[in-house]
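Structural features, examined
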Amino acid sequence: MAGLSEKPQALGIDQESAEANKNSSSNKKSVHNRLLEKDKEEGGQGGDMSPSAGSSIKRSGSRPQLDVSKAEIQGNVEEKYPTILLPNQSDDLSHLALDIGGSLIKLVYFSRHEDQSTDDKRKRSVKERLGLSNGNRRSFPILGGRLHFVKFETRKINECLDFINSKQLHRGGAESPYADGATDGNAIIKATGGGAYKYTDLFKERLGVSLDKEDEMDCLVAGANFLLKAIRHEAFTHMEGQKEFVQIDPNDLFPYLLVNIGSGVSMIKVDGDGKFERVSGTNVGGGTYWGLGRLLTKCKSFDELLELSQKGDNRTIDMLVGDIYGGLDYSKIGLSASTIASSFGKTISEKKELEDYRPEDISLSLLRMISYNIGQISYLNALRFGLKRIFFGGFFIRGHAYTMDTISFAVQFWSKGEAQAMFLRHEGFLGALGAFMSYEKHGLDDLMVHQLVERFPMGAPYTGGKIHGPPLGDLNEKASDRNSKYLTPISIIVTLSNSDFPTQISWMEKFLRKGTEITAPVPMTPAAGTTGLGGFDVPLSRGSSLRSDASALNVGVLHLVPTLDVFPLLEDPKTYEPNTIDLADPSELEYWFTILSEHLPDLVDKAVASEGRTDDAKRRGDAFARAFSAHLARLMEEPAAYGKLGLANLLEMREECLREFQFVDAYRSIKQRENEASLAVLPDLLMEIDSMDEETRLLTLIEGVLAANIFDWGSRACVDLYHKGTIIEIYRMSRNKMQRPWRVDDFDLFKERMLGTGDKKKPPHKRALLFVDNSGADIVLGMLPLARELLRRGTEVVLVANSLPALNDVTAMELPDIVAEAAKHCDTLRRAAEAGGLLVDAMINSSRSSKGKSSSVPLMVVENGCGSPCIDLRQVSSELAAAAKDADLIILEGMGRALHTNLNARFKCDALKLAMVKNQRLAEKLLKGNIYDCICKYEPAS
């Protein structure tokens, strides 16, 4: 990667499967039997499935039946769970679920990833060597797609119906073959909430579908269980305006208390999937606040009442302990002067009428009274059942920061700090998600936390503003004015009208024309202090304004990627934290945001140039710059808006934003030029290396990796160097500066493991995983010569590269061609590449010759499962996880993979971390050094 710096001082289901034997009649003939066998194995009786034991929620028997006409088995028919292609099957009725409440409609729907499968012989060869098969996973319709979360106001239910119809969600989505046809009269959508009964006739009339009603409590618990087990940073605490995300161990989740605050309050003890009991509740809840507030303040909406509380001072209405004791604490029993002794108590002794009190003060006093009591009752129930965790959700919460603070303080106060109130990022969608899970074969039960990736495209719904719609599937998708209001980017608080634009116009064009309105939401600025329970001052989260429907958190699009795995060589995956830099420090956050902003013009220029500088590319470049700037502004205002934030998350978001605006590989041409220039001098480098003795050669190779790591287009310092010389001149200059000791210098330890001491030689490593970084000199003149040395010592080598482009990082798709060119100059690389399946044509020729199979150890390439300059080893490709099982050496190279992330990671095998630091602040903060210092960190197997 990509070390960002100031100026210098001086992926979906693996779509690839073995080709079906088109001439094999046994494949087709056995499909019906396979389906019936599979059905029975999963608890069904032929075509009529019954609910499986221990399921987390009741399964409806009204699911659509499988259409097995013209079905074929894809791949090996001997596999237990082969992929079965159902060309005539419509999965339309399992793609959408609703929670229709009195104020909001929450919608969860599924969309598929586009099929980008390729017939890659090299990749198939590597998978065969690693023992990977496509048939060992159960194939559910949901896997390998995306879950979208959308909100509408219930009073505007027709907008929701228009949205469903425009996306054809009730017919399986726009990509469904049934999207243009008439809806089946028996079509069903899962729904929960009171509106599922109230609006059933309207859905039938407008969409031709029936609403299958699911129990609210069942859905609530099922949705909460899924989110807490599947989303890494779903739960958070909220105290004095500060959010802190809590890592929940899925194996230690139960039991917990789920407090759902709607009109009233239900307290649910959850003991496991499908195991829960309503143990308590109170009739004093959100309805009480809204009802009394409406009578006392004449507010016309719940949000208006909440907004009033932002400006209130409860001291004018509430009787405090200090009011009773002359401004003093009642220290004997631990009550401070600011503790509320009686809500609304001060009004008893004052000769005032209702109109003499400010509505703002009434609203705040009412909010605190109800929130404190809910918090206290919740804690007492948790204490009653010995529960350690309390999660709050429901309409009353609505992400309102001050409400969360108040409840949190009450729980902390009454538990004396032993318990914490926790909240959920997706809390508004628990019911809808639970309803979605009530479909048979939804597949979510089988997903694990490492298989879900949340992303935040500019079209994703934004719960803190008036944005309703998900991202469009295609950048050039046209939108009529009927549904243009659903397509607003994240931070544009605007609804487009018929007069704004022509009838048919892409969302990109609207995005550009509305560019001046792309701003961060209104900041939640601190207000004047007041006091309350236990001396609790007004939280920092209170401000002069409050967005309706509320929170400072965003809900993104949930990508379901079953091909992701946890890297098996992590010493302790539970404690692993990829990010080295903690952006919780506001000054650190501001610095990196500034660096990213300053780097943006150069990145846009490269992106536009990569597409020939066409007018369309310039439009998209401009749109990308505005969109990413809006992301930065949003995160600067609320760093927790997208979940726990690290530098790696920022860099990945930039790459995702580029891809959203269809810039697939912004540095494509630059990478090609640098690869060609580096390959031209590789033979001379290898000749020079081969003339050295063993010890000198190893040192030279490590120096070469460090020197070549200077070629980083993500670093401002390095970009400036490019303007001063050719890459060969820069490389030579970098090599000349390779003087030991380095800032972190464990080379001697690594040398001892590689070469031994004296007569004590150590066996070579069995398999080495080399996590490579940049294209050009970095891979060609740095990592490939090191890989060659390992191969010569008898170590299998696996080059691990990005699945998708990121800056000038080399990808797994590009590496085989680079290796093939390098192999023309080196027999060692050629034989190893043939053995590893990288030279497919050479393998074919070799198999026809009399020489037989090569005896060389293999050189392989696998993708890492990501498209970022950094890597989170909790989510890697299944091929990398398979390759790691026999590995006993890891080499992490470059700032992104060895410094920004994984510098402190510990592994079960030997690990070598190599990087040149190309950022002065990073060098000072992490190493107490300077820009261009080097790291050679060796850690033997733990």
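Residues numbered from 1 in each chain as written. Predicted model: local features only at pLDDT ≥ 70, side-chain atom pairs only at ≥ 80, totals over all residues. Heavy atoms only, no water.

Per the secondary structure count, the protein includes 30 helices and 31 strands. Buried positions account for 60% of the 942 residues belonging to the protein. A total of about 37900 Å² of accessible surface is found on the protein, and carbon and sulfur atoms cover 49% of it. (Helix = DSSP H or I, 4+ residues; strand = E, 2+ residues; numbered from the N terminus. Buried < 20%, exposed > 50% of the residue type's maximum accessible area, 1.4 Å probe, protein only. Areas by Shrake-Rupley, 256 points an atom, 1.4 Å probe, with all protein chains shown as cover.)

On to the nonpolar core, then. Among the nonpolar cores identified, the biggest contains 59 residues, and Leu-98, Leu-107, Leu-147, Ile-164, Phe-203, Leu-258 and Phe-391 are the most heavily contacted of them. It is helix α7 (residues 216–230) that provides the largest number of residues to this core, a total of 8 residues. Each of two domains, domain 1 (65–116 + 140–172 + 186–215) and domain 2 (235–317 + 357–424), supplies a minimum of three residues to this core. Residues in contact with Ile-164, not counting those within four places in the same chain, are Leu-96, Leu-98, Leu-107, Leu-169, His-170, Phe-203 and Leu-207. Residues Ile-818, Ala-833, Cys-934 and Cys-936 belong to the second largest nonpolar core, which totals 58 residues. (Core = buried A, V, L, I, M, F, W, Y, C linked by side-chain atoms within 4.5 Å. Domains from an automatic or database assignment. Contact = heavy atoms within 4.5 Å.)

Turning next to the sheet that holds strand β29 (residues 889–893). Reading across from one edge, β24-β31-β30-β29-β25-β26-β27 is the order of the 7 strands in this open sheet, with mixed pairing throughout. The sheet is open, and its two borders are formed by β24 (744–745) and β27 (859–863), each paired with just one other strand. Direction of pairing for β24 relative to strand β31 (residues 934–939): parallel, over a ladder of 2 bridges. When the bridges of β31 are listed, Val-744 appears paired with Ile-935. Sheet strands touched by helix α24 (residues 777–792): β25 (767–771), β26 (796–801), β27 and β29. Its angle to β29, the strand with the most contacts, is close to 170 degrees. (Pairing = 2+ DSSP bridges. Axes fitted to C-alpha atoms, helices over the stretch in contact; angles between N-to-C directions.)

Before going further, it helps to examine the pattern of salt bridges. Counted by the stated rule, this structure contains 49 salt bridges. In this structure, the salt-bridge partner of Glu-588 is Lys-925, at a minimum N-O distance of 3.5 Å. Highlighted residues: Glu-588 in helix α16 (residues 586–609) and Lys-925 in helix α30 (residues 920–927), separated in sequence by 337 residues. Of the residues examined, Glu-588 reaches a relative accessible area of 2% and is grouped as buried. What makes Lys-925 partly exposed here is its relative accessible area of 46%. (Salt bridge = Lys/Arg side-chain N within 4 Å of Asp/Glu carboxyl O.)

Another point: a nonpolar patch on the surface. On the surface, a nonpolar cluster with roughly 310 Å² of combined accessible area is contributed by Ile-324, Tyr-325 and Leu-328. In this structure Ile-324 comes out as partly exposed when scored by relative accessible area, which is 46%. (Patch = residues over 30% accessible without salt bridge, like charges linked within 9 Å, V, L, I, M, F, W, Y side chains within 5 Å.)

For the coordinates displayed, the defined rule picks out 20 aromatic pairs. On the basis of an interplanar angle of 80 degrees and a centroid distance of 6.0 Å, the ring pair of Phe-567 and Phe-771 is categorised as edge-to-face. In this pair, Phe-567 sits in the loop between β23 (564–565) and α16 while Phe-771 sits in strand β25, placing the two residues 204 residues apart along the sequence. One exposure class covers both Phe-567 and Phe-771, and it is buried. Here Phe-567 and Phe-907 contribute two aromatic rings whose centre-to-centre distance is 6.3 Å and whose plane-to-plane angle is 85 degrees, an arrangement assigned as edge-to-face. Of this pair, Phe-567 sits in the loop between β23 and α16 while Phe-907 sits in the loop between α29 (895–900) and β30 (910–916), and the two are 340 residues apart along the sequence. The same class applies to Phe-567 as to Phe-907, namely buried. Among the aromatic residues, those joined into a ring-pair cluster are Phe-236, Phe-245, Phe-392 and Phe-423. (Phe/Tyr/Trp six-rings, centres within 6.5 Å; stacked < 30°, edge-to-face > 60°.)

Let us look at unusual backbone geometry. With an omega dihedral of -5 degrees, the bond running from Phe-254 to Pro-255 counts as a cis peptide bond. On the secondary structure map, Pro-255 appears in the loop between β11 (242–246) and β12 (256–261). Residue Gln-662 is not a glycine yet carries a positive backbone phi of 65 degrees. Position of Gln-662 relative to the elements: it lies in the loop between α18 (647–660) and α19 (668–690). When its relative accessible area of 30% is taken as the criterion, Gln-662 is described as partly exposed. At Leu-807, a position not held by glycine, the phi torsion is positive, near 50 degrees. Its location among the elements puts Leu-807 in the loop between β26 and α25 (815–823). The class for Leu-807 is buried, based on a relative accessible area of 4%.

A separate point is the pairing of strand β18 (residues 420–424). In terms of burial, β18 is a largely internal element, 4 of the 5 residues being buried. Relative to β18, strand β10 (residues 235–239) is paired through 2 bridges, and the arrangement is antiparallel. Each residue of the ladder has a partner; that of Phe-236, found in β18, is Phe-423. Regarding topology, helix α13 (residues 401–415) serves as the crossover connection from strand β17 (residues 389–393) to the parallel β18, and that connection is right-handed. (Right-handed = clockwise from strand over helix to strand, strands pointing away.)

This part covers the side chain of Asp-773. Among the structural elements, Asp-773 can be located in the loop between β25 and α24. Here Asp-773 falls in the buried class, since its relative accessible area comes to 0%. Here the side chain of Asp-773 touches Asn-709 through a polar contact of 3.1 Å, side chain to side chain. Among the polar contacts made by the side chain of Asp-773, one reaches the side chain of Asn-774 at a distance of 3.2 Å. (Polar contact = N/O pair within 3.5 Å; in protein donor to acceptor, adjacent residues only side chain to side chain.)

Bringing the sheet that holds β18 into the picture now. In sheet architecture, strand pairing relies on hydrogen bonds along the backbone and comes in two forms, parallel and antiparallel. Read across the sheet, 7 strands follow the order β11-β10-β18-β17-β12-β13-β14 without closing on themselves; strand pairing throughout is mixed. In this open sheet, the two strands that pair with only one neighbour each are β11 and β14 (275–282). Across the sheet, the axes of successive neighbouring strands diverge by a mean angle of 35 degrees, strand direction being ignored. Contacts from α7 reach β10, β12, β13 (265–272), β14, β17 and β18 within the one sheet, and its direction differs from that of β12 by about 125 degrees.

Quick look at α25 now. Since the α-helix advances by 3.6 residues per turn, residues separated by three or four positions end up pointing in the same direction. Burial in α25 covers these residues: Leu-815, Pro-816, Ile-818, Val-819, Ala-822 and Ala-823. End-on, the buried residues of α25 take up no more than an arc of 160 degrees, which puts them together on one face. (Arc of directions from axis to C-beta.)

Detailed reading of predicted coordinates is not advised where the pLDDT is low. Per-residue confidence for the protein gives a mean pLDDT of 76; residues scoring 70 or more make up 71%. A low-confidence stretch, residues 175–183 (pLDDT under 50), is modelled with 17 contacts involving residues beyond four sequence positions or located in other chains. (pLDDT = per-residue confidence, 0-100.)

Its location among the elements puts Thr-580 in the loop between β23 and α16. Residue classification places Thr-580 among the buried residues on the basis of a relative accessible area of 16%. A polar contact is formed between the side chain of Thr-580 and the backbone oxygen of Leu-899, at a distance of 2.6 Å. Leaving out residues up to four positions away in the same chain, Thr-580 has contacts with Leu-899, His-900, Thr-901, Asn-902, Leu-903, Asn-904 and Leu-926.

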